[in-house]
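Overview (structure and organization)
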Amino acid sequence: GCFECCIKCLGGVPYASLVATILCFSGVALFCGCGHVALTGTVTILEQHFSTTASDHALLSEVIQLMQYVIYGIASFFFLYGIILLAEGFYTTSAVKELHGEFKTTACGRCISGMFVFLTYVLGVAWLGVFGFSAVPVFMFYNIWSTCEVIKSLQTNVTVPGDQICVDIRQYGIIPWNAVPGKACGPILENICNTNEFYMSYHLFIVACAGAGATVIALIHFLMILSSNWAYLKDASKMQAYQDIKAKEEQELQDIQSRSKEQLNSYT
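Definitions and limits used
- Residues numbered from 1 in each chain as written.
- Predicted model: local features only at pLDDT ≥ 70, side-chain atom pairs only at ≥ 80, totals over all residues.
- Heavy atoms only, no water.
- Helix = DSSP H or I, 4+ residues; strand = E, 2+ residues; numbered from the N terminus.
- Buried < 20%, exposed > 50% of the residue type's maximum accessible area, 1.4 Å probe, protein only.
- Areas by Shrake-Rupley, 256 points an atom, 1.4 Å probe, with all protein chains shown as cover.
- Core = buried A, V, L, I, M, F, W, Y, C linked by side-chain atoms within 4.5 Å.
- Contact = heavy atoms within 4.5 Å.
- Phe/Tyr/Trp six-rings, centres within 6.5 Å; stacked < 30°, edge-to-face > 60°.
- UniProt positions renumbered as here; feature names shortened; annotations may be inferred.
- Salt bridge = Lys/Arg side-chain N within 4 Å of Asp/Glu carboxyl O.
- Polar contact = N/O pair within 3.5 Å; in protein donor to acceptor, adjacent residues only side chain to side chain.

1. Let's talk about the overall build of the protein
- If you tally the helices and strands in the protein, you get six helices and two strands.
- The order of α-helices and β-strands along the protein, N terminus first, is α-α-α-α-β-β-α-α.
- Counting every position in the protein, which comprises 268 residues, the buried fraction comes to 36%.
- If you sum the accessible surface of the protein, you get close to 15800 Å²; carbon and sulfur atoms cover 68% of it.

Following this line, the structure appears as structure tokens:
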């Protein structure tokens, strides 16, 4: 009845692919959303405190704008790709468990599954690079934040003035060496750390890095699922070929028996 139909439908849901899809969507959303806002805040910090001349950071602004456009493309692509992989999971689960009667796997279906395995592997390797790249701004902001904490801790120590502790952004290579002022020291640096742009950008970069890591885990999960499903489809195709041969032999045997009975009846 209805209960058996519901159990049958629930048995055809690819729960592993569903979990991987949710994790992939969450990771990509965190990386793209937080990364976009954090990049905007980074430009604001540079323009206000480290590079007052627009020409000094013009190239950096163009690169950040290009990265934001790339983020839009990444979000759109992975939204579509995640849905395709989830649909492939439904297809594979239905094919293996034979939930649709005479539904059979085809060579085209197995080829598509193999193509998804290769493409997911390439994307996983690429996202490992994205994950490593997203850790760079976290490292830079952490260095600035830790320097501010050192300045705060030295406020009670008059022998070591905080004005001698500086952060020079030019050494990271994101702005040229002729950028003015290029560095911040003492109370000025501490005020920068207390701004809303710095606080938000620092934490958003951390969340974006975590999102990239979650996406890598999701792609590894997808890779395991796709490899397993491809192996299941390969075994299912062999089983289908065996069943077809067996059914053909049984049909031939029945035809021989029926012809033998007809000949015996005509003889008698």
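2. Regarding the nonpolar core
- Membership of the largest hydrophobic core comes to 50 residues, with the highest contact counts inside it found for Phe 50, Phe 78, Trp 127, Ile 144, Ile 169 and Leu 189.
- Among the secondary structure elements, those contributing two or more residues to this core are helix H2 (15–50), helix H3 (58–97), helix H4 (107–153), helix H5 (186–193) and helix H6 (196–267).
- Here this core takes 13 residues from H6, the largest share from any one element.
- Ignoring any residue separated from it by four or fewer positions in sequence, one finds Ile 169 in contact with Leu 46, Phe 50, Ile 144, Ile 174, Ile 175 and Gly 182.

3. Side note on the packing of aromatic side chains
- Tallying each qualifying case throughout the model produces 14 aromatic pairs.
- Centre to centre, the rings of Phe 141 and Tyr 202 are 6.4 Å apart; their planes meet at 10°, and the pair counts as stacked. You can see Phe 141 sitting in helix H4 and its partner Tyr 202 sitting in helix H6, a full 61 residues away along the chain. The two residues Phe 141 and Tyr 202 agree in class, both being buried.
- Through pairs of rings, three or more aromatic residues link up here, namely Phe 31, Phe 77, Phe 78, Tyr 81, Phe 116 and Trp 127.

4. A short note on the UniProt feature "transmembrane region" (unreviewed entry) in the protein
- Those places that UniProt annotates as "transmembrane region" (unreviewed entry) correspond, in this numbering, to residues 18–46, 66–91, 112–136 and 204–226.
- With 100% helix and 0% strand, the stretch residues 18–46 has end C-alpha atoms that lie 42 Å from each other.
- From the first C-alpha to the last, residues 204–226 spans 32 Å; its make-up is 100% helix and 0% strand.

5. Digging into the environment of Pro 137
- With respect to the element layout, Pro 137 can be found in helix H4.
- What makes Pro 137 buried here is its relative accessible area of 16%.
- Remark: the alpha-carbon pair of Pro 137 and Ser 201, spanning 64 residues in sequence, is separated by 9.4 Å.

6. Examining the pattern of salt bridges
- Per the counting criterion, the structure on display carries two salt bridges.
- Among the salt bridges present, the one from Lys 152 reaches Glu 149, with a minimum N-O distance of 3.8 Å. With Lys 152 and Glu 149 both in helix H4 and three residues apart, this pair spans about one turn of that helix.
- For Glu 149, a relative accessible area of 32% gives the class partly exposed.
- A salt bridge links Arg 170 to Asp 168; the shortest N-O distance between them is 3.0 Å.
- Assessed through its relative accessible area of 14%, Arg 170 is described here as buried.

7. Brief notes about the environment of Ser 51
- Here Ser 51 shows up in the loop between H2 and H3.
- A relative accessible area of 0% means that Ser 51 is categorised as buried.
- When the C-alpha positions of Ser 51 and Gly 182 are compared, they lie 6.0 Å apart, and in sequence the two are 131 residues distant.
- Filtering out sequence-adjacent residues up to four positions away, Ser 51 remains in contact with Leu 46, Asp 56, His 57, Ala 179, Val 180 and Pro 181.
- For Ser 51, the side chain forms a polar contact with the main-chain oxygen of Thr 53, separated by 3.4 Å.

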